[in-house]
Amino acid sequence: MACCHADFAAVEGSDRGFTLGMPTFTFGSGVLAEAGGNAVELGLKRVALFTDRHLAGGEHVAKVKASLAAAKVDTIVFDEVAIEPTDLSLQHAARFARDANVDGYVSVGGGSVMDTCKAANLYATYPADFMTYVNAPIGAGQRAPGAVKPHIACPTTSGTGSETTGIAIFTLTSLNAKTGILSRRLIPTVALVDPDVTHSLPANVVAATGFDCMSHALESITARLWPRRLNPAQGVQRPVSQGANAFSDALAAQALDGVGKYLVRAVADASDVEARTEMMYAAMLAGIAFNAAGCHLPHGLSYAVSGLTKDWHVAGYPQGKTLVPHGMAVVLNNPSVWRHTAPAHPARHLHCAQCLGADTRDATPDDAGEALAGRVIELMRATDIPNGLAALGFGDDQIDALAAGAEPQYRVIKNAPVDIGADEIRRLFRAALRYW
Ligand SMILES: NC(=O)c1ccc[n+]([C@@H]2O[C@H](COP(=O)([O-])OP(=O)(O)OC[C@H]3O[C@@H](n4cnc5c(N)ncnc54)[C@H](O)[C@@H]3O)[C@@H](O)[C@H]2O)c1
Ligand SMILES: [Fe+2]
């Protein structure tokens with residue numbers, strides 16, 4: 001399938017265009033050392049550097065600090081980012097940012113760090129009650145009032161693509177559910193994507209973040225097509241994520257090709273520079289794609305899984321509290337979702353399977369769901385991902401709780417290519433309990 005332009009024909013009520021946002025990005029080995037030059041170019045004299053405690057004393061942060069110092073940019077460090085941030089941890093970071101008196105931001109870390117930095121920048125620039133900018137209907141969903149301060153994002157994981165997105169995700173403690181703040185204003189000004197950072201990543205982090213990247217790409221291609229977006233706010237009101245478009249399709253397909261070829265190698269061998277570099281690149285591409293296209297069911301369902309899991313710990317992540325890595329929660333729902341959504345767009349699902357490396361030569365449209373689900377399961381097994389939600393302790397008796405936990409995610413779930421109600425959600429969770 002070459003491209004899907006016929007899919008994008010307008011129907012009555014369609015928006016007339018789609019908008020793509022992305023930062024100016026530099027990709028390549030050693031580019032963290034360009035942080036200082038970029039800060040000067042942006043006119044920054046004093047920046048707040050955001051990171052997490054684990055990374056704060058390490059080589060990646062040291063490189064960025066040295067580059068800023070060499071460029072005579074004054075730096076104040078905030079290393080209290082929570083892994084998997086919450087409304088409380090974001091407000092703590094925002095208070096730091098407000099008092100730091102800086103003219104720009106640098107983030108060095110994974111999605112948790114970059115998202116925290118985006119939110120801190122927003123609330124320090126335009127102070128407001130916390131729920132003001134949080135997605136409706138959970139929050140008031142108000143638009144960011146204007147430009148935020150420049151942000152140089154330096155990702156150290158290969159998955160979220162947060163360095164390219166206008167999205168900050170967190171857990172709202174009162175609901176025990178993940179939600180976010182979305183605005184094109186939050187897209188980092190500059191992204192320095194340096195694959196050298198990946199050599200220190202534990203295998204589990206490479207696996208979880210790699211599946212996050214894979215799911216961003218799959219959800220971008222299989223999202224509701226942009227001319228079919230419901231309630232199409234237009235012009236500057238157009239939301240960040242608008243459904244699949246030809247540009248996100250192309251980037252996501254390239255990202256899937258990278259995941260299919262390199263994910264298993266990148267997980268297996270920290271010294272496989274080629275594989276880890278390709279995963280870093282795939283994550284960035286998938287980030288640009290899903291920022292515009294939007295995620296749907298796998299992410300929507302994952303938030304209930306992360307909220308309801310008890311007693312789950314994965315090496316490479318902070319210990320002491322239950323934590324399901326975001327990409328792990330996302331991939332556990334993947335095969336179940338693809339089996340359900342494939343009939344809506346068989347050609348797109350088959351295309352995804354093929355990009356990921358499945359042999360689809362003899363596949364018919366009826367085989368699309370199984371082809372994609374089967375290839376994802378192969379990749380899960382090859383990277384030691386748990387066998388479905390049952391492995392995390394879920395059983396039939398928790399399906400209703402999981403479905404209720406997914407309810408706050410209807411904003412994302414509505415971006416699926418088929419209409420989904422509570423019964424379907426329950427069926428999807430049940431089918432995700434075990435795969436092999
Ligand atoms: N904003 C977006 O567009 C977007 C997209 C996807 C996910 N997210 C969010 O991002 C968060 C997850 O981010 P993540 O998966 O990048 O992981 P993370 O930032 O939560 O970090 C996971 C662990 O890896 C460690 N780590 C990070 N880089 C390392 C390195 N180079 N070497 C060794 N250890 C390293 C961290 O210290 C931490 O212990 C979740 O909250 C998720 O919801 C945001
Ligand atoms: Fe994600």
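What you are looking at is a predicted structure, and each value in this text was computed from that prediction instead of being measured.

A. Inspection of the overall build of the protein at higher detail. Of regular secondary structure, the protein possesses 16 helices and eight strands. A compact globule built from 436 residues should have a C-alpha radius of gyration of about 22 Å, and the protein, at 20 Å, falls within 12% of that. Judged by the C-alpha coordinates and their principal axes, the protein covers about 60 × 50 × 45 Å. Counting every position in the protein, which comprises 436 residues, the buried fraction comes to 58%.

B. Geometry of the coordination of the iron ion (ligand 2). The coordination sphere of the iron ion (ligand 2), as far as protein atoms go, consists of D212 (OD), H216 (NE2), H299 (NE2) and H326 (NE2), spread over 2.1 to 2.3 Å. Bound by four donor atoms, the iron ion (ligand 2) shows angles of 83 to 169° at the metal and therefore irregular coordination geometry. Between consecutive donor residues of the iron ion (ligand 2), the sequence gaps follow D-x3-H-x82-H-x26-H. Highlighted residues: H299 in helix α9 (residues 297-308) and H326 in helix α10 (residues 326-331), separated in sequence by 27 residues. The class for H299 is buried, based on a relative accessible area of 3%. H326 sits in the buried class, given a relative accessible area of 15%.

C. Region of interest: the site of ligand 1. S112, T156, T157, T165 and I167 are the nearest of the 33 residues found near ligand 1. The separation between a nitrogen atom of ligand 1 and a polar side-chain atom of D115 is 2.8 Å. Between ligand 1 and K178, the relevant distance is 2.8 Å, taken from an oxygen atom to a side-chain nitrogen or oxygen of the residue. Expressed as a share of its isolated accessible area of 880 Å², the protein-covered part of ligand 1 is 97%. Classifying every residue of the shell around ligand 1 gives 12 nonpolar, 15 polar and six charged.

D. The packing of aromatic side chains, seen in detail. For the structure shown, the criterion picks out nine aromatic pairs. The interplanar angle of 40° and the centroid separation of 4.8 Å between the aromatic rings of F78 and F96 together place this pair among those described as tilted. Separated by 18 residues along the polypeptide, F78 in strand β3 (residues 74-78) and F96 in helix α4 (residues 87-100) bring together distant segments of the chain. F78 gets classed as buried once you look at its relative accessible area, which sits at 3%. Judged by centre distance (5.3 Å) and plane angle (75°), the rings of F130 and F170 are edge-to-face. Placement of the pair is F130 in the loop between α5 (111-125) and β5 (151-155) and F170 in strand β6 (residues 167-172), with a sequence separation of 40 residues.

E. Looking closely at the side chain of H216. Mapped onto the fold, H216 is located in helix α6 (residues 203-222). Here the side chain of H216 touches H299 through a polar contact of 3.2 Å, side chain to side chain. The residues contacting H216, other than those within four sequence positions of it, are G159, T160, A286, F290, C295, H299 and H326.

F. Highlighting the pattern of salt bridges. Considering all chains together, one arrives at 18 salt bridges under this definition. The partner of R375 in a salt bridge is E378, and the shortest N-O contact between them spans 2.6 Å. Of this pair, R375 and E378 both sit in helix α13 (residues 368-382), three residues apart, which is roughly one turn of that helix. Take R375: its relative accessible area is 13%, and that puts it in the buried class. R426 is paired through a salt bridge with D423; the nearest N and O atoms lie 2.8 Å apart. Taken together, the residues R426 and D423, both in helix α16 (residues 422-431) and three residues apart, mark about one turn of the helix. R426 sits in the partly exposed class, given a relative accessible area of 24%.

G. Representation of the nonpolar core. Counting 71 residues, the largest nonpolar core has M214 and F429 as its most contacted members. Among all residues touching M214, those that are not within four sequence positions of it are L256, V259, V331, N334, L356, V376 and L379. Counting 23 residues, the second largest nonpolar core, distinct from the first, contains V31, A35, A39 and M280.

H. A look at the environment of D366. Relative to the helices and strands, D366 resides in the loop between α12 (346-355) and α13. Judged by its relative accessible area of 75%, D366 falls in the exposed class. Considering only alpha carbons, one finds D366 and L379, 13 residues apart in sequence, at a separation of 22 Å.

I. Molecular detail of the sheet that holds strand β8 (residues 190-193). Strand order across the open sheet formed by six strands is β1-β8-β5-β4-β2-β3, with parallel pairing between neighbours. If you trace the sheet from one side to the other, it starts and ends with β1 (24-27) and β3, each paired once. This sheet shows a mean twist of 20° between the axes of neighbouring strands, independent of strand direction. Examined bridge by bridge, strand β4 (residues 104-109) and β5 share five bridges and lie parallel to one another. Across the sheet, residue G109 finds its bridge partner in β5, namely P155.

J. The pairing of β8, seen in detail. Residues V190 and L192 line one face of β8 and the alternating positions A191 and V193 line the opposite face, and both faces are buried. The sheet contact formed by β1 and β8 spans four bridges and is parallel. What sits directly across from F27, in β8, is V193. Sheet topology note: the β5/β8 ladder contains two bridges and is parallel. Its bridge partner being in β8, I152 is matched across the sheet by V190.

So, how was this worked out
- Residues numbered from 1 in each chain as written.
- Chains lettered and ligands numbered in written order.
- Predicted model: local features only at pLDDT ≥ 70, side-chain atom pairs only at ≥ 80, totals over all residues.
- Heavy atoms only, no water.
- Helix = DSSP H or I, 4+ residues; strand = E, 2+ residues; numbered from the N terminus.
- Rg over C-alpha atoms; globule rule 2.2 N^0.38 Å.
- Buried < 20%, exposed > 50% of the residue type's maximum accessible area, 1.4 Å probe, protein only.
- Donors = N, O, S within 2.8 Å, 3.2 Å for Na, K, Ca; no water.
- Tetrahedral: all angles 85-135°; square planar, octahedral: opposite > 155°, others 65-115°.
- Near = heavy atom within 4 Å.
- Polar contact = N/O pair within 3.5 Å; in protein donor to acceptor, adjacent residues only side chain to side chain.
- Areas by Shrake-Rupley, 256 points an atom, 1.4 Å probe, with all protein chains shown as cover.
- Nonpolar A, V, L, I, M, F, W, Y, C, P; charged D, E, K, R; others polar.
- Phe/Tyr/Trp six-rings, centres within 6.5 Å; stacked < 30°, edge-to-face > 60°.
- Contact = heavy atoms within 4.5 Å.
- Salt bridge = Lys/Arg side-chain N within 4 Å of Asp/Glu carboxyl O.
- Core = buried A, V, L, I, M, F, W, Y, C linked by side-chain atoms within 4.5 Å.
- Pairing = 2+ DSSP bridges.
- Axes fitted to C-alpha atoms, helices over the stretch in contact; angles between N-to-C directions.

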